[in-house]
Every structure is written in structure tokens, then in C-alpha cells.
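The lines below spell out each chain.
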Amino acid sequence: MARQFFVGGNFKMSVFYPSTLEKGQNGTVQSIKEIIENLNNAKIDENVEVVISPPTIYLLLTREHLRSGLEVAAQNVFNKPNGAFTGEISVSQLKDSGITWALLGHSERRTILSESDDFVASKTKAALDGGLGVILCCGESLEQREAEKTIEVVTSQLKAVADAVGKDWSKIVIAYEPIWAIGTGKVASTEQAQEVHKAIREWLKKEVSDEAAEKTRIIYGGSVNEKNCGELAKQEDIDGFLVGGASLKPAFVDIINAKS
Ligand code: G2H
């Protein structure tokens with residue numbers, strides 16, 4: 001069974017768009033609207049599932065202006081349903097705002113904000129229980145890769161999630177993002193990416209189920225652009241991309257259409 005190609009755009013905190021802002025500047029309402037307008041007017045392969053993830057403050061604006069059929073993800077969500085948790089947002093608040101996905105476990109949150117595997121897993125469970133889809137990031141550092149610990153690191157990040165959520169991975173998209181390739185311009189080679197994606201699929205088969213191994217989308221993230229996406233997209237176990245910097249440029253559309 002063919003898995004639907006999935007492309008996510010992770011705007012992170014530094015949104016820029018060539019016509020209004022310089023690289024490195026923060027985004028604005030105007031720049032977000034330009035990105036959305038570009039997507040709304042683009043010819044997008046209808047077989048591709050597209051989800052964009054703006055900073056929290058722009059989630060509602062994005063949902064309001066983005067054409068239907070394209071979905072929106074929060075860059076984070078909390079693991080508690082409600083209460084005195086200053087600065088956090090709940091799953092039900094996202095749902096109430098028409099936001100259908102959450103991006104969890106990004107290495108920037110794991111490293112800069114010290115999010116543990118267990119915390120990421122508990123947020124994943126809360127999101128799934130509340131009916132959101134989850135783009136679940138995993139990936140190794142350069143040091144871990146050089147120590148030949150890539151598969152061990154990635155599968156232990158995934159195991160924490162399996163321990164929390166069990167066997168139903170139907171609403172999880174796994175994003176493999178080697179930390180050394182994020183925002184560095186150093187994309188993993190097609191062989192390096194395919195090798196890890198294959199290992200993740202084997203892990204799903206062994207530890208979750210045949211169905212999860214067959215159906216779960218495993219997407220690649222880390223310096224994906226319109227030039228390198230074509231070769232990556234041809235790999236058997238690469239089912240799409242999580243795109244950072246390049247999702248803020250008109251060429252994001254070319255990445256979405258990498259298979260067409
Ligand atoms: C990896 C990726 C998107 P970039 O973080 O999640 O960012 O494409 O800028 O490397």
C-alpha cells in the first residue's frame with residue numbers, strides 16, 4: 001500500500017519572506033500572510049498532505065487564511081488538559097482553533113528546553129488522545145552519529161513514545177531529523193537518510209506492529225531544499241519532508257511537489 005507523501009513546513013521563530021523581510025528577521029503578520037497567499041495560489045500535487053507550522057501567535061491567522069485541504073500544526077502543545085500552566089496551550093484549545101496537528105520532540109526543544117524523551121512521549125499521548133495528529137521528531141547529534149549510536153538514539157526516542165501510546169501509530173508521522181543537518185546546509189546523503197528510515201521501519205515492525213511499519217509515514221528533515229528534495233523523495237522509505245528554512249520561500253511549493 002502506497003503511503004501518502006507528507007510535507008510539513010516548520011516556520012520556527014524566525015519567519016522571513018523575501019519580499020518584505022531579510023533573512024534572520026522575525027516574521028510579521030504581513031510576512032505570514034504572504035507565505036499563505038503563495039501556498040493558496042500554488043499548484044499543489046493533490047496527492048500530497050501539506051501541514052504548515054507557524055509560531056503560536058500566528059496559528060489562528062494561518063488557519064483563517066490558509067485554503068482548506070492544507071492543515072496547520074502547532075510547534076508545541078502541553079501534556080495537561082487544563083489548569084494553572086502559564087504560557088502553555090492545551091490540545092483542546094488547538095482543536096477549538098481548527099489546528100489539527102502538533103509538532104513534538106523537535107531537537108531544538110529537546111536540547112535548548114531540555115525536553116526529555118518521556119516528556120515528549122507524554123505530550124504525544126495527550127495530543128493523540130485529544131484527536132490531533134502528531135509530527136514526532138527524532139534524530140541524533142553529530143557526536144552520537146560518529147560513535148555509531150544513531151539507530152540506538154533514534155529508537156530509544158521512539159520507544160518512549162511506544163511505551164506511552166501503545167500500538168496505534170495511525171496519527172503519528174515520524175520525522176527523522178539528524179541534528180547535524182538542521183539549519184546547517186549539510187543535508188544527510190540519500191543513503192544516510194534511507195538507511196535510518198529503513199531502520200525505523202524495521203523497529204516499527206518489531207516493536208509496534210506490521211501495520212504501523214507499513215503505514216506510518218517517515219519523513220526526513222534537515223536542510224531540505226528544492227534542489228536536494230528530488231533524490232531524497234525517490235528513496236523507498238522516505239515518505240516526505242519536514243522543511244524549516246526553505247518552507248519560508250516560494251520554492252517550498254517545489255518541495256511539496258517533489259514527487260510530481
Ligand atoms: C529541521 C528543519 C525543519 P531546516 O529542524 O524542522 O529545519 O530545514 O532549516 O534544517
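First things first, this report covers the structure right here in the doc. For clarity, every value in this text was computed on a predicted model and none was experimentally measured.

Here the focus is the side chain of Thr190. Residue placement: Thr190 occurs in helix H8 (residues 190-207). At 3.3 Å, the side chain of Thr190 forms a polar contact with the side chain of Glu191.

Turning to the site of the ligand, a few remarks are in order. Neighbouring residues of the ligand: 13 residues in total, closest Lys12, His106, Glu177, Gly183 and Ser223. At 3.2 Å from an oxygen atom of the ligand is found a side-chain nitrogen or oxygen belonging to Asn10.

Further remarks concern the packing of helix H5 (residues 117-129) against helix H7 (residues 150-165). Running from N to C, H5 and H7 cross one another at 45°; their axes reach a closest spacing of 8 Å. The angle between H5 and H7 falls in the class oblique. Our pair here, H5 against H7, has a crossing hand that is right-handed. Where H5 abuts H7, its residues Asp117, Asp118, Ala121, Thr124, Lys125 and Leu128 lie against Ser156, Gln157, Ala160, Val161, Ala164 and Val165. The residue inventory of the contact of H5 with H7, partitioned by class, reads 6 nonpolar, 3 polar and 3 charged.

The sheet built from 8 strands closes into a barrel, its strands ordered E1-E2-E3-E4-E5-E6-E7-E8 with parallel pairing. Adjacent strand axes in the sheet meet at a mean angle of 25° when their direction is disregarded. Examined bridge by bridge, strand E6 (residues 172-176) and strand E7 (residues 218-221) share 3 bridges and lie parallel to one another. Bridge pairing in E7 places Tyr176 opposite Tyr220. Set on the sheet, H8 makes contact with strand E5 (133-138), E6 and E7; between it and E7 the angle comes to about 150°.

With that out of the way, let us pick up the packing of H7 against H8. Where H7 meets H8, the closest approach of the two axes is 10 Å, and the angle between their N-to-C directions is 40°. Between H7 and H8, the crossing angle belongs to the class labelled oblique. Relative to H8, the crossing made by H7 is right-handed. Contact with H7, carried on its side by Thr150, Ile151, Val154, Thr155, Leu158, Lys159 and Ala162, involves Val196, Ala199, Ile200 and Trp203 of H8 and no other residues of that element. Its residues assigned to classes, the contact of H7 with H8 comprises 8 nonpolar, 2 polar and 1 charged.

The next point concerns the pattern of salt bridges. A side chain of one charge can pair with a side chain of the opposite charge if their charged atoms are brought near each other. According to the stated counting rule, one finds 18 salt bridges in the structure shown. With a closest N to O distance of 2.7 Å, Asp239 and Arg201 form a salt bridge. Remark: Arg201 occurs in helix H8 and Asp239 occurs in the loop between helix H10 (229-233) and strand E8 (240-243); sequence separation between them is 38 residues. Here Asp239 falls in the buried class, since its relative accessible area comes to 5%. Note that Lys215 is salt-bridged to Glu211, the shortest N-O span being 2.9 Å. Of the two residues, Lys215 and Glu211 are both situated in helix H9 (residues 210-215); the distance of 4 residues between them amounts to about one turn of the helix. Each of the salt bridges in this network shares a partner with another, and the network as a whole consists of Arg3, Arg201, Asp237 and Asp239.

In this structure the tally under the stated criterion is 6 aromatic pairs. Ring centres 5.1 Å apart and planes at 65° place the aromatic pair Phe6 and Trp101 in the edge-to-face group. One end of the pair, Phe6, is in strand E1 (residues 6-10); the other, Trp101, is in strand E4 (residues 101-104), and 95 residues separate them in sequence. A single burial state applies to Phe6 and to Trp101, both of which are buried. On the basis of an interplanar angle of 50° and a centroid distance of 5.0 Å, the ring pair of Phe78 and Phe85 is categorised as tilted. The partly exposed category is assigned to Phe85, whose relative accessible area is 32%.

Attention now goes to the nonpolar core. One finds Leu39, Trp169, Ile200, Leu204, Tyr220 and Phe241 to be the most contacted residues of the largest nonpolar core, which totals 71 residues. In this view, Trp169 contacts Leu136, Leu158, Val161, Ala162, Ile174, Trp203, Leu204, Val208, Ala212 and Thr216; residues no more than four positions away in its chain are not counted.

Moving on to unusual backbone geometry. Even without glycine at this site, Ser114 takes up a positive phi of about 55°. By the element assignment, Ser114 lies in the loop between helix H4 (107-112) and H5.

Attention shifts here to the pairing of E6. Counting buried residues along E6, 5 of its 5 residues qualify, which places the element largely inside the surrounding structure. With burial as the criterion, each face of E6 is covered, one bearing Ile172, Ile174 and Tyr176 and the other bearing Val173 and Ala175.

Cut-offs applied
- Residues numbered from 1 in each chain as written.
- Predicted model: local features only at pLDDT ≥ 70, side-chain atom pairs only at ≥ 80, totals over all residues.
- Heavy atoms only, no water.
- Helix = DSSP H or I, 4+ residues; strand = E, 2+ residues; numbered from the N terminus.
- Polar contact = N/O pair within 3.5 Å; in protein donor to acceptor, adjacent residues only side chain to side chain.
- Near = heavy atom within 4 Å.
- Axes fitted to C-alpha atoms, helices over the stretch in contact; angles between N-to-C directions.
- Parallel < 35°, antiparallel > 145°, perpendicular 65-115°, else oblique.
- Left-handed = near helix turned anticlockwise from the far one by under 90°.
- Contact = heavy atoms within 4.5 Å.
- Nonpolar A, V, L, I, M, F, W, Y, C, P; charged D, E, K, R; others polar.
- Pairing = 2+ DSSP bridges.
- Salt bridge = Lys/Arg side-chain N within 4 Å of Asp/Glu carboxyl O.
- Buried < 20%, exposed > 50% of the residue type's maximum accessible area, 1.4 Å probe, protein only.
- Phe/Tyr/Trp six-rings, centres within 6.5 Å; stacked < 30°, edge-to-face > 60°.
- Core = buried A, V, L, I, M, F, W, Y, C linked by side-chain atoms within 4.5 Å.

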